[in-house]
Amino acid sequence: MQITSLAFVLLTIASIIIFYLIKSKYRVGYLALLSSIFIASYSYQILIYVLFYASVNYFIGLKMQVAQTKTTFFRLGIVFNLLQLLLLRYSSFAIDPVLSIFSDNLSISRLSEIIVPIGISYFTLQGIGYLINIKMGWEKPENRFLPFMLYIVFFPKFLSGPVERSNHFLPQLKKDQQFDARQVEEGLRIALFGFFKKIAIANQIAPYVINAYSDIDSMSGNLLWIMLLIGPLYIYFDFSGYTDIAIGIARALGIELLPNFNRPFFSENVTTFWKRFHISLSSWFNDYVFRQTSFKYRKWGIYASIFALLVTWSLFGIWHGAGWNFMVLGFVQALAIIYEFTTKKWRIKAFSNVPERITTWFGRICTYLFYAGSLVFFYSPSLGVAFKYFTKLADIGGPLMLGPVSRAPYSVFIYIPVLLILELLRNDYQNTYSKLETYWYHNTARRQMLRWTLYSLMIVLVLIVGQKGEQFIYVNF
Amino acid sequence: MKKFAIKSLLFALYFVMFFVIINAIYLGLLVNTDEGFKKRLQSIRFDNPDFELLVFGTSFAEYGIDTELLTSKGIKSFNLALGGNSLQTSYIQLEEYISNYSHKPKYVLLVFNSYREAPDKENVSEIEPLVETTMKDYKYGLKDAPVLRYTWLGTEMIKKVLSRKHREARLSFGQVKFEKCTPDHSEYKNIYLNTQAITASVWISKMAEFCKQEGIDLMLIEIPGFKETQNLSEVGPYELQFSNGSTARLYNFNSREFCKTFESDKDWIGNSHLNESGAQKFTSELFNAIKGSESALNQTPGID
């Protein structure tokens, strides 16, 4: 079931109503059932597989309660998680090339044709995170299966995250949730903004960005530059749109999901950017890979951090997909962060006489351009295509227009600046933003009508452009 | 919870009201400002029309055939072409016109630019929304709300708000007269007219059959376009034979030789569409072809 389909929206609203009508002790079971139906709408095989996956991790978690077998079961759990990910997601990249040495007919990647690994990269991280939390003593194992199953399968976040933490998610299920009108209203509002970002903005840009990478030869240098600059906006509105939908629906159901975005394009350097973009994933890698690795090799001094950064970001890159291009995507992020880390003092000294506003905006522009450039490795189907893209960028010329006005998505050039200006206000002019917020949410009939008019307009715009659907880009993982 | 339910219900009502108002305003604006909309409504409400010639096709024909000029030269004409029309829609429009009005036209011009426009696909129904939603006995649904169904006309409306030239475009005998000029910077390609693609078209052959039954002379017009669309074939006419036994005459006015009539910086709106001056030049030549065909028909026994 497509998350942006009208059927999904209507069923979700009905599900929220039923959620608050049933007794609170049945709610976890109800959400687990809903999530299972949602996953089954994609494939029964993946549902069966995810239930098996959840059962194994649940069982290992319970076994880790016993001190003597804790490490053994922890290792077993990590091996299981990594192995299933390797088999279902990376076999074409890591296993099949080795098997092809022995025989042309051997292929593990066919397995992923039977069990379509939807959401596997997300739930695997959640499974590993749960086991590490227990091993480190940050959390006790969950004794009941249903809450643990819900942690893995919860439908708003199943396809594309946010990557939840068990010690954040599970305690919420233990609370006796009362109906909170403000929470539900806020959740629905966040979800509406998510739908708007995804359908009215990202979906309109999608065909252009996707076409640029599927047929580089027919694209002019100018158009490739435009696509390069639009690339970050596309991924941001697509993915943050999905995240808003997930967070909004979860909040309406009384569950807080981890945030994923925090005005990333106003980051002044790459290090900060990754604390504000796909936060749940980058913080997962930071906590479970970077910190553990740098701690383990702490005797190396600064080189431990550099080594940990290279490992973390290479894994971060490869998490996105089975290909060298993704590895490079992560590696260049590591290089940028290492550069920022090692030159920080020098840079502060060198730019000490430059007004802060200039350095801030210079940093923001450089960060955006760096991310836009690195995204070429993300969008390209292979390293070869990525390098070809960079080569063609030098060939400046050709048409600048995206196409005939009646067909090109020029409306997004209104929506994007409006949303970015709001983010800028929230980021740089917090007083103005909070005044605006107070004005906007003031509880008078006139303001309410103003709010309802905007929400109605957003729904209409989503309905107008929503007739042609595009898949979420992060569903690929 | 009760309070929230009431608030939700009120919002739902507010949204419905908002949706209705938005649609009503949009429809009102379209009816009064959009040439295609005005023309469509006009064409289903004619009062005993006596046109001798009807033009069908897409925006190429809508801009490019000067029916006012043809009328002034003695052939009373009306341009029924609509932007984005499919061949199926043209067929429906013709059938509808013949069933609605007693006076049958003598000529039907089906205009296309086969380089730009893809031939129709069998078993795929593509009816232009303006025509579909104004057809007799059409059953309306929520999907037909004007803001959802006529989305592209909103862009046309914005163009009018932003550009004087678009605002000045006017409707005359169904033709949209547009003064805007966009030079043709495209390059010639060595292509030839593919008549097989035309004879393979299901809807053109249906149209030919229908015209044969009704005793109407069907002329297929390959309309001039930008250099990149022009072909090296002769103007013709070509006598085309369809699989259902019907025939039609094809005039290849997109022949490179013929298109030398047009000035690349004066006669085009853009994207292979003729502007007002280009349409006048083309229609004068078209008139001669019609007259030539008339005399040829008169001299050919058994065809009339």
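Note that the coordinates shown come from a computational prediction; the quantities given were computed from them, not determined experimentally. Every chain's residues receive numbers from 1 upward, in the order its sequence appears when written. Whichever chain is written first is A, and whichever ligand is written first is 1; the rest continue in order. pLDDT decides what is reported in this predicted model: residues at 70 or higher carry local features, side-chain atom pairs at 80 or more are listed and counted, and totals for whole chains, interfaces and linings draw on all residues regardless. By convention in this description, side-chain values take in all heavy atoms of the structure and omit both hydrogens and water.

S.K.: Whenever I open this one, the overall build of chain A confuses me. Can you help?
M.R.: A run of H or I in DSSP counts as a helix once it spans at least four residues, and a run of E counts as a strand once it spans at least two, with each numbered from the N terminus. In terms of helices and strands, chain A carries 21 helices and 0 strands. We compute the radius of gyration from the C-alpha atoms alone; for a globule the expected value is 2.2 Å times N to the 0.38, where N is the number of residues. Over its C-alpha trace chain A gives a radius of gyration of 23 Å, about what one expects of a compact globule, namely 23 Å for 477 residues. Each of the three principal axes of chain A carries a C-alpha extent, and together these read 65 × 65 × 50 Å. Each residue is assigned to one of three classes by its accessible area relative to the maximum for its type, calculated with a 1.4 Å probe on protein chains only: buried under 20%, partly exposed between the two thresholds, exposed over 50%. In chain A, buried positions account for 54% of the 477 residues. For chain A, restricting intrachain contacts to residue pairs at least 6 apart in sequence, the fraction spanning at least 24 positions comes to 75%. Each accessible area is a Shrake-Rupley estimate made with a 1.4 Å probe; only the visible protein chains count as cover when residues are assessed. Summed over its atoms, the accessible surface of chain A is roughly 22,700 Å², and 66% of this surface lies on carbon and sulfur atoms. His residues and chain termini do not enter the charge count, which takes Lys and Arg as positive and Asp and Glu as negative. By convention, the point assigned to a charge is CZ for Arg, NZ for Lys, CD for Glu and CG for Asp. Side chains of chain A carry 42 positive and 24 negative charges; the gap between the two charge centres is 8 Å. In what follows, residue pairs with any heavy atoms lying within 4.5 Å of each other are defined as contacts.

S.K.: Looking at this structure, how should I read helix α15 (residues 302–319) of chain A?
M.R.: What sets the pattern is the α-helix's 3.6 residues per turn: residues three or four places apart point alike. With 18 residues, α15 of chain A extends 26 Å from end C-alpha to end C-alpha; this agrees with the ideal 26 Å at 1.5 Å per step. Along α15 of chain A, the residues that are buried comprise A304, S305, I306, A308, L309, T312, W313, S314, F316, G317, I318 and W319 of chain A. In this scheme, a helix's expected span is set at 1.5 Å multiplied by one less than its residue total.

S.K.: Explain the interface of chain B and chain A here, please?
M.R.: Size of an interface, as often reported, equals the accessible area lost when the parts are brought together. Chain B puts 16 residues into the contact, and the matching count from chain A is 22 residues. Both faces combined, the contact of chain B with chain A buries some 1,800 Å², and carbon together with sulfur accounts for 79% of it. Summed over both partners, the accessible area lost on bringing two parts together, with a 1.4 Å probe, is the buried area. The three residues of chain B that bury the most area against chain A are M1, F4 and Y14 of chain B, which together make up 33% of that side's buried surface. Here a salt bridge means any side-chain nitrogen of Lys or Arg lying within 4 Å of a carboxyl oxygen belonging to Asp or Glu. There are 1 salt bridge connecting chain B and chain A. A salt bridge links K7 of chain B to E185 of chain A; the shortest N-O distance between them is 3.0 Å. The definition of a polar contact used here is a pair of N or O atoms within 3.5 Å, where within protein one atom must be able to donate a hydrogen and the other to accept one, and adjacent residues in sequence count solely through side-chain atom pairs. In this assembly, chain B and chain A are joined by 3 residue pairs in polar contact (both at pLDDT 80 or more). Contributing elements (two or more residues each) for the side of chain B that touches chain A: α1 (2–33), α7 (146–149) and α8 (151–162) of chain B.

S.K.: Can you help me understand the confidence of the model for chain B in this one?
M.R.: Do not read the predicted coordinates in detail wherever pLDDT is low. Residue and element names in this part refer to chain B. Scored from 0 to 100, pLDDT records how confident the predictor is in each individual residue. Confidence along chain B averages 89 in pLDDT terms, with 94% of residues attaining 70 or more. Highest mean pLDDT in chain B belongs to strand β2 (residues 77–79) (97); lowest belongs to helix α12 (residues 276–299) (81). This model gives residues 300–304 a pLDDT under 50, and the stretch forms 1 contact once residues within four places in sequence are excluded. The complex model carries a pTM of 0.85, and its ipTM stands at 0.84.

S.K.: Help me out: how do you make sense of empty space enclosed by the protein in this one?
M.R.: Left-over empty space is what a probe sized like a water molecule reveals as it rolls over the atoms. Residue and element names in this part refer to chain B. A 1.4 Å probe that fits into a set of points on a 1 Å grid over the protein atoms alone but cannot get out defines a cavity; an open set with protein on both sides within 12 Å along at least five of seven lines defines a pocket, and lining residues are those with an atom within 4 Å of a point. Grid points are joined across faces, edges and corners, and a volume is the space filled by probe spheres set on the points. On inspection of all chains with the given rule, the structure shows 3 cavities of 30 Å³ or more. R40, S43, L80, Q93, E96, Y97, N100 and Y101 are the residues that line the largest cavity. Of all the secondary structure elements, the ones that give two or more residues to the lining of the largest cavity are α2 (35–43) and α5 (87–100). Considering each element in turn, the lining of the largest cavity owes the most residues, 4 residues, to α5. Of the residues assigned to the lining of the largest cavity, the class counts are 3 nonpolar, 3 polar and 2 charged. Each residue gets one label: Ala, Val, Leu, Ile, Met, Phe, Trp, Tyr, Cys and Pro are nonpolar, Asp, Glu, Lys and Arg are charged, and the others, such as Gly, are polar.

S.K.: Looking at this structure, how should I read helix α21 (residues 445–465) of chain A?
M.R.: The terminal C-alpha atoms of α21 of chain A, which comprises 21 residues, lie 30 Å apart, in line with the 30 Å expected from a rise of 1.5 Å per residue. Looking at the buried residues of α21 of chain A, the elements they touch are α11 (181–214) and α20 (430–440) of chain A together with α1, α7 and α8 of chain B.

S.K.: For this particular structure, what's the right way to read the pattern of salt bridges?
M.R.: Oppositely charged side chains can form a pair if their charged atoms are brought close together. Residue and element names in this part refer to chain B. By the definition in use, this model includes 29 salt bridges over all chains. Residue R149 pairs with E132 through a salt bridge whose shortest N-O separation is 2.6 Å. Within this pair, whereas R149 is found in helix α7, its partner E132 is found in helix α6 (residues 129–133), the two being separated by 17 residues in sequence. The pair formed by R149 and E132 is uniform in burial state, with each residue classed as buried. Among the ionic pairs, R149 bridges to D144, the shortest N-O distance being 2.7 Å. Owing to a relative accessible area of 18%, R149 belongs among the buried residues under this scheme. What makes D144 buried here is its relative accessible area of 7%. Several salt bridges share partner residues, and in doing so they unite E132, K143, D144 and R149 into one network.

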